[in-house]
Amino acid sequence: MQKIFFFTLFLFFQTSHAQHSLSETEKLATTAKVWGFLKYYHPNVASGKYDWDKELFTILPQVEKAKNKKEFSEVIENWITSLGEVKKIEPIAVSNEIKYFDKNLNATWLNNPHFFSKSLSEKLTFILENRLQTNHFYYRKGEPKPDAISYEFSNEIKYPEYDWKDRNFRLLALFRYWNYVEYFFPYKYVMDQNWDDVLYEMLPKFNTASTQLEYHLLMRELVIKLNDLHAFLGTKVMLEKFGKKQIPVGIRVVDDKVLINQIYNDSLAKISDIRVGDIITKVGGKTIPEILKESRKYLDGGNDVLRASHSWYHIFNGHTDSVKVEYNREGKVAEKYIYRYTANLFRRTNKEFGQWKLLDGNIGYVNLGEVYPEDIEGIMTKLKSTKAIVFDLRLGAHDTNYILAEYLNPEPKEFAKFIDPDVTYPGRFIWRESEMCGKTNPDYYKGKVIALVNQFTQSHGEYSAMCLQSAPNTTVIGSQTAGADGGVIRFEILDGFNTQFSGLGVFYPDGRETQRIGIVPDIEAKPTILGLREGKDEVLERAIQFIETGK
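Described below are features of the structure shown in this document. (Residues numbered from 1 in each chain as written. Predicted model: local features only at pLDDT ≥ 70, side-chain atom pairs only at ≥ 80, totals over all residues. Heavy atoms only, no water.)

1. Focus: the state of the cysteines
Here is the idea: a disulfide is a covalent bond, and it sits between the sulfur atoms of two cysteines.
And step 1. Scanning the model with the defined rule gives zero disulfides in all.
And step 2. The cysteine Cys437 is free of any disulfide, with Cys467 supplying the nearest cysteine sulfur at 3.3 Å.
And step 3. What makes Cys437 buried here is its relative accessible area of 2%. (Disulfide = S-S within 2.5 Å. Buried < 20%, exposed > 50% of the residue type's maximum accessible area, 1.4 Å probe, protein only.)

Following this line, the structure appears as structure tokens:
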């Protein structure tokens, strides 16, 4: 009798578990994941035999009708069955000669009993184990190149002039992007927010977006969640919120204040009486911290310092011809209106810094933001006898790192390692061989090598800094860099949504990470408000002090 009781109890719990309800968000999120998984793994789907977007639009109404796990599993399982046979292949061997990077890989959800019946989980696992290995329809592999991606997304329908009000297309945009990141973004594991949690957070918003602007802003919010300064998405529709009129100056955010540090158009700046050294404390009646807090979900960058550094657009842009500001000039606080203009009336430039110069004390200075590979030989010949060379990466660099290393290194030296997506197993990555720079050169430069960096040193600038660090007697001075290294993959999610993210993982030879960490200086030096107002370059001054004193 007791055995019958426990057996009955077991059946009750089994039936109850199979019939538990699923929320609309749970069903849609799980469908997004299954849709992406089949897109890149199922041999008949990944090879391009189906119109995969159309399949999504067809299955969504059936998913919505499912009331519980049992019905949901039946819908998904019948869908998979309709896609045709998946042939069993020989067990996929793991090469001992290849080093894999698995921090982004997670297939445990395929066996989640909250969503899937046992038979459905078995079917998904079988697809995983017998996945398509070659000739993928939705991405193509290319040849690896230094600091460049080795693949691209392909054969995606862009749907020109699709109707944003059609919920299916809004969900398609979300599902596509979420799965691009899930399987191809090398830094998913260092994001602030779990990527599954992002899907659950954003789905209700995409599902109910009521205006085109709201929809476009949701796309930007989604992209910003990567915490990747390479990740960007902007559209003309977004100008409805942010505006396209700007003030004709360059700024630095220091200590929750905005300092004017550069004038882009003298005549326009004079109209509003804007001067280098002015400190802006309020814009449109709001303090700078208030503006940054309101705009945070739209701000690029992996940390608050970087977000503030790239916030000028959100602080000063607008639709009106002018904006009211509170400012401090030489200790006096006042208010006034500053005129705004379209950006074509002025432009940012680095040319005032020049290419190179000889500083007092036989110290060379090279602005790598204005130097190109063909310039290096002449510059290094002229600076060969200096006691030190300061290479300024605060304005970026232009593919000069490899040729420069030939002058600075006595022998070839490894300086970076990359990971590329494993195209046979989306979500897994493969380590490349270490990247080398320099050549055998007994006549290499013997003086001190200084690299100046700050939060604007990004991507190839950071890669160049890593290369410079391989040289003997190199010291990095400045502040933490952007932490967005490596080549980017550019693609269009749907018509009008052009975007990109870091497509290549970059590490030091010993495996140390660079994403969101950047190049950490040996000596920290930051500009101060006083120094900026007086026109000083305190970071360069600190470099000269180190060259002269060793401290």
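Let's pick the thread back up.
2. Description of the side chain of Lys188
And step 1. Following the sequence through the fold, Lys188 ends up in the loop between helix H7 (167-184) and helix H8 (195-208).
And step 2. According to the relative accessible area criterion, Lys188 is buried, its value standing at 14%.
And step 3. Within the structure, Lys188 has its side chain in polar contact with the side chain of Glu182 (distance 3.0 Å).
And step 4. In this structure, Lys188 is in contact with Asn104, Val181, Glu182 and Trp195, ignoring residues within four places of it in sequence. (Helix = DSSP H or I, 4+ residues; strand = E, 2+ residues; numbered from the N terminus. Polar contact = N/O pair within 3.5 Å; in protein donor to acceptor, adjacent residues only side chain to side chain. Contact = heavy atoms within 4.5 Å.)

3. Remarks on the environment of Asn155
And step 1. For Asn155, the position within the fold is in the loop between strand E3 (151-153) and H7.
And step 2. With relative accessibility at 41%, the residue Asn155 sits in the partly exposed group.
And step 3. Taking the C-alpha atoms as reference, Asn155 lies 9.7 Å from Arg140; in sequence the two are 15 residues apart.
And step 4. If near-sequence neighbours (up to four positions away) are discounted, Asn155 is found in contact with Phe137 and Tyr138.
And step 5. Polar side-chain contacts of Asn155 include one of 2.6 Å to the backbone oxygen of Phe137.

4. Regarding unusual backbone geometry
And step 1. Positioned with a positive phi, Asn135 is a non-glycine residue whose angle comes to about 55°.
And step 2. With respect to the helices, strands and loops of the structure, Asn135 is situated in the loop between helix H6 (118-129) and strand E2 (139-141).
And step 3. On the basis of relative accessible area, Asn135 is assigned to the exposed category, the value being 69%.
And step 4. The backbone of Glu330 shows a phi angle near 55°, a positive value even though the residue is not glycine.
And step 5. Taking the relative accessible area as the measure of exposure, Glu330 reaches 70% and is therefore exposed.

5. Structural notes on the nonpolar core
And step 1. Ranked by internal contacts, the top residues of the largest apolar core, which has 115 residues, are Phe37, Tyr177, Tyr215, Phe391 and Phe501.
And step 2. Ranked by residue count, the leading element in this core is H7, at 12 residues.
And step 3. By size, the runner-up hydrophobic cluster in this structure holds 20 residues, among which are Val249, Ile251, Ile280 and Ala308. (Core = buried A, V, L, I, M, F, W, Y, C linked by side-chain atoms within 4.5 Å.)

6. What to know about H7
And step 1. Between its first and last C-alpha, H7 extends 26 Å over 18 residues, near the 26 Å set by a 1.5 Å rise per residue.
And step 2. Counting buried residues along H7, 17 of its 18 residues qualify, which places the element largely inside the surrounding structure. (Expected span 1.5 Å × (residues − 1).)

7. Comments concerning the pairing of strand E7 (residues 257-263)
As a general feature of sheets, a regular strand has side chains that alternate between the two faces.
And step 1. As paired elements, strand E6 (residues 249-254) and E7 share six bridges and run antiparallel to each other. Of the residues in E7, the one forming a bridge with Ile251 is Ile260.
And step 2. Between the antiparallel neighbours E6 and E7 lie two residues, among them Asp255 with a positive phi of about 55°.
And step 3. Sheet analysis places E7 next to strand E8 (residues 279-283), joined by two bridges and oriented antiparallel. Its bridge partner lying in E8, Val258 is registered against Ile280. (Pairing = 2+ DSSP bridges.)

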